[in-house]
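Results of the structural survey
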Amino acid sequence: MVDYHAANQSYQYGPSSAGNGAGGGGSMGDYMAQEDDWDRDLLLDPAWEKQQRKTFTAWCNSHLRKAGTQIENIDEDFRDGLKLMLLLEVISGERLPKPERGKMRVHKINNVNKALDFIASKGVKLVSIGAEEIVDGNAKMTLGMIWTIILRFAIQDISVEETSAKEGLLLWCQRKTAPYKNVNVQNFHISWKDGLAFNALIHRHRPELIEYDKLRKDDPVTNLNNAFEVAEKYLDIPKMLDAEDIVNTARPDEKAIMTYVSSFYHAFSGAQKAETAANRICKVLAVNQENEHLMEDYEKLASDLLEWIRRTIPWLEDRVPQKTIQEMQQKLEDFRDYRRVHKPPKVQEKCQLEINFNTLQTKLRLSNRPAFMPSEGKMVSDINNGWQHLEQAEKGYEEWLLNEIRRLERLDHLAEKFRQKASIHEAWTDGKEAMLKHRDYETATLSDIKALIRKHEAFESDLAAHQDRVEQIAAIAQELNELDYYDSHNVNTRCQKICDQWDALGSLTHSRREALEKTEKQLEAIDQLHLEYAKRAAPFNNWMESAMEDLQDMFIVHTIEEIEGLISAHDQFKSTLPDADREREAILAIHKEAQRIAESNHIKLSGSNPYTTVTPQIINSKWEKVQQLVPKRDHALLEEQSKQQSNEHLRRQFASQANVVGPWIQTKMEEIGRISIEMNGTLEDQLSHLKQYERSIVDYKPNLDLLEQQHQLIQEALIFDNKHTNYTMEHIRVGWEQLLTTIARTINEVENQILTRDAKGISQEQMQEFRASFNHFDKGEAEFNRIMSLVDPNHSGLVTFQAFIDFMSRETTDTDTADQVIASFKVLAGDKNFITAEELRRELPPDQAEYCIARMAPYQGPDAVPGALDYKSFSTALYGESDL
């Protein structure tokens, strides 16, 4: 009999018993050293023992059912060693020695020893577990033995990311449940208590079995039952624990949880192995499919490229010449287009074909496949041979194109030369026949005829100069015929047309010269008469236009003298009209003589005199206009004379009244100024005297109204000046308004003095003294500037007596200042730098308190409190910018 406790601390299992592996996997002894002594602690807790019994029993049955049996009581059913040996055979896949079938105790011990020896043969050193304890039904030893079996056969071989056993199983759980909310697997007890971790493992591998989002962390029993039932129904994992056993235990049993979770690992790892096998097959098939695809692509690309070479070579070997250089140039452009557009993609295809072929062969060699053999005629060498043939044909075609183009260029140059010279000649002759046939000389003037003759002489010189070009055109056409030019027919037709036209131009040129010279002699006789007419018609026409302008000229006069001067000038003009009429008749007689000569010689005059635009019709029309304007001018001058006589009467009438009202207003202004300085008696007496004086001024208003009526008549008559007076209505109005304003201001000043006297308690003697000081004071410059800033704050340059009274009152009476008001507010505020609305309402009358609250700004000082108001800025604002 050995000590089982030492087995937990000293003995190890697995091939890594010498120490930790590279991935952090430890030995069974290391793991067991970290566990609490289960036989001294766990089994003392009935809840944990219950969980182990239930879990270990279910785990054993999950394997025993493969052999067609199971256990009911883990303490009793393993006592004879038979089912224990059967369990080891199922989970190891190996045969154990033949068990003994006897019922005696020695038979049972022998069977259990066989089982324990088998466990030891797997690298697990059992300590403190003997066959006698198992045969005697020792629950502690039986559970320890089953846990050892579970560790060896269900947990030891788990390996995840270079960690194994318990740590590997824990890491596997953490990796699988990491994406799930409310799941944080850190151990094999508390982390599984709410059931979410079990559900997360199932959902991660079989999401269709679990509706994870509907699970609640605060309902662990439902969560655990859901996971256990789904695992049993769909994953063939028996229910090893009850939900209540886990929930009602402060710390679920770690070994029970590990056993349960290992079943999930093995269930899902089997599916993962199948998936890995499928992936390996898919990978092999994908490589094979890719290779087949590359083979098909090669075959298709090779076929397309060889077909293109087969179609292109006959085109490059075509040597049929064209008739025109344009057609040959089109062939060259097609060839260049082939070089630029069509061939480069094929070069790329050929290169890509070789690359694909090499790549395919490399992939086949690396994947242990046989080398690819293209179809007959589609080898890379076949394509290279075809490509070489293509480039040879291409080189010969390009040389033929260039030679043919050079030959056609030589022939086309001669034809182009013919066309160019012919076009220049035809452009020159265009319109020449119509010009020579034109009978423009029949309606031309003498100067036009002379110009036409000079123009015709220039044309004759130009015609002679073009004789050489016609001869050159004929010579080139002959040469093209000799060279058998393809378009010789059109060249000959065009050349014959040019020669025929040239003969016609010579005949027409001679006929036109004779007609021009004849017409010139006929027109010279008429030209002298036209010149005489123009010399006399121009000044007469200017005289009539000036007369019409003067007779229709608008005149503006302002005096009788001006209108009488205009009447005298008009009478003098009328005395010249008989002589003007005789000159008119003489000018018209010259025009009639010129018309008679033209008709007798059958000459078509152009209808106008070349020396003037003044026709007889214009002269007669303007003469009639002058005859009509003379009486109209007489009537207008007489009307204006009557109007000026009426305007003179209005001027004198206004002047007589204005010369009275103007001086009266000026006199009153001077009197008011004197009264305001020399006021005597009490202020009430002065006020009474001024108001009486004001009434006398108002009573004078009818005289001003009469003057306004007279001024309106003058405005309606548009009279703008009046030499009989220096007063205008505007001056009178301004003077009257100033008079009324001055008397009103003086009365108001006295009234304000009364108010100031009564408010300040100033005696009559003081007021008189202030008046005397105001009239005569003279102080130093600095003091004077200070006083002026107070009595004339707007810098208008004027100081009223009222402003002076206010200044003297402040200087001589006791008044409140801004500092005094600030000090008063500080008293009300309890010596604080601010005051609150409640303090104002408590200390001041309601209306004045609300007035202050509405106008005081919030206090911004460091000692401010909510609702604090700034009484200092408010007090300063009451007195302006400075304390007066």
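Residues numbered from 1 in each chain as written. Predicted model: local features only at pLDDT ≥ 70, side-chain atom pairs only at ≥ 80, totals over all residues. Heavy atoms only, no water.

1. Here's the deal with the nonpolar core
- Counting 79 residues, the largest nonpolar core has Ile 149, Trp 192 and Phe 198 as its most contacted members.
- Take this core: its biggest share by element is 11 residues, from helix H7 (residues 139–155).
- The contacts of Phe 198, once residues within four sequence positions are left out, are Trp 192, Leu 224, Ala 227, Phe 228, Ile 257, Tyr 260, Val 261 and Phe 264.
- Ranked by size, the runner-up nonpolar core spans 29 residues in total, among them Leu 687, Met 729, Leu 739 and Ile 743. (Core = buried A, V, L, I, M, F, W, Y, C linked by side-chain atoms within 4.5 Å. Buried < 20%, exposed > 50% of the residue type's maximum accessible area, 1.4 Å probe, protein only. Helix = DSSP H or I, 4+ residues; strand = E, 2+ residues; numbered from the N terminus. Contact = heavy atoms within 4.5 Å.)

2. Brief notes about the packing of helix H21 (residues 616–677) against helix H23 (residues 701–716)
- One way to put it is that H21 packs onto H23 with a least axis distance of 10 Å and a crossing angle of 150°. It follows that H21 is roughly antiparallel to H23 by the angle criterion. The two elements H21 and H23 cross, and the hand of that crossing is left-handed. Contacts from Leu 650, Gln 653, Phe 654, Gln 657, Ala 658 and Val 661 in H21 reach Asn 703, Leu 704, Leu 706, Leu 707, Gln 710, His 711, Leu 713 and Ile 714 in H23.
- Its residues assigned to classes, the contact of H21 with H23 shows nine nonpolar, five polar and no charged. (Axes fitted to C-alpha atoms, helices over the stretch in contact; angles between N-to-C directions. Parallel < 35°, antiparallel > 145°, perpendicular 65-115°, else oblique. Left-handed = near helix turned anticlockwise from the far one by under 90°. Nonpolar A, V, L, I, M, F, W, Y, C, P; charged D, E, K, R; others polar.)

3. With respect to helix H28 (residues 818–828)
- Within the sequence span of H28, burial applies to Ala 818, Val 821, Ile 822 and Phe 825. Burial along H28 is one-sided: seen end-on, the buried residues are contained in an arc of 100°. Within H28, the exposed residues directed more than 90 degrees away from the buried face are Asp 819 and Val 827.
- If you follow the buried residues of H28, they end up packed against helix H29 (837–843), helix H30 (846–855) and helix H31 (871–878).
- Immediately beyond the C-terminal end of H28, within one or two residues, lies Gly 830, with a positive phi of roughly 70°. (Arc of directions from axis to C-beta.)

4. Re the pattern of salt bridges
- Applying the stated criterion across every chain, the model contains 56 salt bridges.
- In this structure, Glu 333 and Arg 340 form a salt bridge, with 3.0 Å as the shortest nitrogen-oxygen distance.
- Owing to a relative accessible area of 34%, Glu 333 belongs among the partly exposed residues under this scheme.
- Salt bridges linked by common partners bring Lys 50, Lys 54, Lys 239, Asp 242 and Asp 245 together as one network. (Salt bridge = Lys/Arg side-chain N within 4 Å of Asp/Glu carboxyl O.)

5. Concerning the packing of H23 against helix H24 (residues 729–760)
- The geometry of H23 relative to H24 is characterised by a closest axis approach of 11 Å and an angle of 155° between their N-to-C directions. In terms of their interaxial angle, H23 and H24 are classed as roughly antiparallel. As for the relative orientation of H23 and H24, their crossing is left-handed in sense. Mapping the contact onto sequence places Lys 701, Leu 704, Leu 707, Glu 708 and His 711 in H23 and Met 729, Ile 732, Arg 733 and Trp 736 in H24.
- The residue inventory of the contact of H23 with H24, partitioned by class, reads five nonpolar, one polar and three charged.

6. Digging into unusual backbone geometry
- The residue Asp 236 is not glycine, and still its phi comes out positive at about 60°.
- In this fold, Asp 236 is placed in the loop between helix H10 (220–234) and helix H11 (243–247).
- On the accessibility criterion, Asp 236 (53% relative accessible area) is exposed.
- Positive phi outside glycine occurs at Leu 718, with the angle close to 60°.

7. Re the environment of Thr 519
- One can find Thr 519 in helix H18 (residues 488–552).
- C-alpha of Thr 519 to C-alpha of Ile 449: the two residues are 70 residues apart in sequence and 7.4 Å apart in space.
- Those residues in contact with Thr 519, other than ones at most four positions away along the chain, are Tyr 441 and Ile 449.

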